[in-house]
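Coordinates in review
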Amino acid sequence: MRYAKKLIIFLVVSMALLANSAHASISNKRTLCVFDLVGANGDFYGIMKDFKTAALGWGVDIELKPYTDEKIAAEDLKAKQCDGALLTGIRGRQFISYTGSMDSIGAIPDYDAMRMVVSILASGNPKVNPHLVSGPYEFGGLVPMGAAYLFVKDNSIDTVEELAGKSIAVLEYDVAEANMAKRVGMSPVMSDITNFSTRFNNGSVDTCFAPIFGYSALELYKGMQPDGGIIDLVLGQLSAQLILRKDLFPTDFADQSRKYLAGQFDRAMRIINNADGEVNEKWWINISDAETTRYDEMFRQARIDLANQGVYNKDMMSLLRKVRCKSNPSRAECVNPVRVI
């Protein structure tokens, strides 16, 4: 009789433990909506498939949902159809202003500077970490998508003045692109991620702003034919940023996530370099050092104005200026800083 009671108690306790374990397992199932222009076969979606495997070691079972329309992915995150989402920094700015301002015009001039910024954001620095949370959202890390350039239909364009009067496809949700276009006298044509390349390729607009992988992935070479090109000036660095609903993940998940994705930097760079290697040299339009300096000053003024308007986050602008000055102390903004932007 005593043995039977012990057996019953053992079975009850075991069942309770199994129930708790099952509940914990279910509660740690999370959904990430992943934007990739190519969908589930894309390179960035591939990075997130490996992220899913890593996350199991952090106690979270992730389901990935591919999206080729970034707007829908962002709306699903807002509607709580996703527990997190991989979005471009430009689209992600509405969720976390600080990290979303990384993709600001001319703010990260090269990949060395980009690597430095990624390392800082993943460092766990107590001065940086508070900026990585905004309301219900937390920054879970990023992978670079590559430098963005101006694709044009006329390869004779090599000065700022020659852009005046040209039409450009700009993302309707990015105030900065339209602002910059108007600064140089261009006519912005409101577009989105699904149609800006089509407008350039079919001749509806004279120019477009895109990362280098757009040359092949979006077939932008069609829009440049026969006499177009790519102005060899980095307009900004684009990034794929993971935005999480922080209360749905373990306390240390975002920190582990940031470190993991920072460790994918070289992998992302191989993707970018492969895309860069597909561009025929004939398409590059070289501009003079003097013209590059003029553009750089225009970008700086645009960042100051947009930060003062609240479009860009001032704390991120300050961090990016420090990174630029560490890489190149001789820059004019480092010798004579204006509001550390």
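None of these values were measured; they are calculated from a predicted model.

As a further point, take empty space enclosed by the protein. If you walk through the whole model with that rule in mind, you get 3 cavities of 30 Å³ or more. Along its surface, the largest cavity is lined by 22 residues, and I105, L150, M180, F209 and L235 are the ones closest to its centre. Put simply, the parts of the chain that give the lining of the largest cavity at least two residues each are β6 (167–171), α7 (175–183), β9 (229–245) and α13 (289–308). No other element matches the 4 residues that α7 contributes to the lining of the largest cavity.

On inspection of all chains with the given rule, the structure shows 20 salt bridges. Taking the shortest distance from any N to any O, the salt bridge between R93 and D174 comes out at 3.2 Å. With R93 in the loop between α4 (89–92) and α5 (97–100) and D174 in the loop between β6 and α7, the pair connects residues that are 81 residues apart, well separated along the chain. Overall, the relative accessible area of 4% leaves D174 in the buried class. Among the ionic pairs, E138 bridges to R258, the shortest N-O distance being 3.3 Å. Note that E138 is positioned in strand β5 (residues 137–152) and R258 in helix α11 (residues 253–262), a separation of 120 residues in sequence. Residue class for E138 comes out buried when judged on its relative accessible area of 15%.

Taken as a whole, this structure holds 11 aromatic pairs when the rule is applied. When the ring of W58 is compared with that of F253, the centres are 5.3 Å apart and the planes differ by 75°; the resulting orientation is edge-to-face. Within this pair, whereas W58 is found in the loop between α2 (43–56) and β2 (61–67), its partner F253 is found in helix α11, the two being separated by 195 residues in sequence. The exposure class of W58 is buried, given its relative accessible area of 18%. Ring centres of F95 and Y137 lie 5.0 Å apart, and the angle between their planes is 70°; this geometry places the pair in the edge-to-face category. Placement of F95 in the loop between α4 and α5 and of Y137 in strand β5 is noted, with a sequence separation of 42 residues between them. The burial state of F95 is the same as that of Y137; both residues are buried. An aromatic cluster is built from F51, W58, F249, F253 and Y260, whose rings are joined through pairwise contacts. Positioned over the ring face of Y173 is R91, at 3.6 Å from the centre of the ring.

What follows covers the state of the cysteines. Counted according to the given criterion, the structure contains 2 disulfides. Across the disulfide, C33 is cross-linked to C82 (sulfur-sulfur distance 1.7 Å). Where C33 bonds to C82 through sulfur, the torsion about that S-S bond is close to -85°, and the disulfide is left-handed. You can see C33 sitting in strand β1 (residues 29–35) and its partner C82 sitting in the loop between α3 (70–78) and β3 (84–88), a full 49 residues away along the chain. What makes C82 buried here is its relative accessible area of 0%. Two residues, C325 and C334, share a disulfide whose sulfurs are 2.0 Å apart. Since a negative S-S torsion denotes a left-handed disulfide, the C325-C334 link at about -95° is left-handed. For the pair C325 and C334, one class covers both residues: buried. Numbered in order of appearance, the disulfide-bonded cysteines of the chain are paired 1-2, 3-4.

Attention now moves to the nonpolar core. Ranked by size, the top nonpolar core spans 112 residues in total, and within it F51, L121, F151 and I230 carry the most contacts. The biggest single contributor to this core is β5, with 11 residues.

Here β6 lies mainly inside the structure; 5 of its 5 residues are buried. Here β6 shows a buried face lined by S167, A169 and L171 and a second buried face lined by I168 and V170. Direction of pairing for β6 relative to strand β7 (residues 187–191): parallel, over a ladder of 5 bridges. Paired with L171 across the bridge in β7 is S191.

Another point: unusual backbone geometry. Residues apart from glycine generally show negative phi values, whereas peptide bonds are mostly found in trans. Residue P226 is bonded to the preceding Q225 through a cis peptide linkage, with omega at 0°. Secondary-structure assignment places P226 in the loop between α10 (220–224) and β9. Despite not being glycine, K80 has its phi angle at roughly 65°, a positive value. Along the chain, K80 turns up in the loop between α3 and β3. Given a relative accessible area of 61%, K80 falls into the exposed group. For E219, which is not a glycine, the phi torsion comes out positive at approximately 55°. Take E219: it is sitting in the loop between α9 (214–217) and α10. E219 sits in the partly exposed class, given a relative accessible area of 32%.

Cut-offs used in this document
- Residues numbered from 1 in each chain as written.
- Predicted model: local features only at pLDDT ≥ 70, side-chain atom pairs only at ≥ 80, totals over all residues.
- Heavy atoms only, no water.
- 1 Å grid on protein atoms, 1.4 Å probe; cavity = no way out; pocket = protein on both sides within 12 Å on 5 of 7 lines; lining within 4 Å.
- Points joined across faces, edges and corners; volume = space filled by probe spheres on them.
- Helix = DSSP H or I, 4+ residues; strand = E, 2+ residues; numbered from the N terminus.
- Salt bridge = Lys/Arg side-chain N within 4 Å of Asp/Glu carboxyl O.
- Buried < 20%, exposed > 50% of the residue type's maximum accessible area, 1.4 Å probe, protein only.
- Phe/Tyr/Trp six-rings, centres within 6.5 Å; stacked < 30°, edge-to-face > 60°.
- Lys NZ or Arg CZ within 6 Å of the ring centre and 35° of its normal.
- Disulfide = S-S within 2.5 Å.
- Core = buried A, V, L, I, M, F, W, Y, C linked by side-chain atoms within 4.5 Å.
- Pairing = 2+ DSSP bridges.

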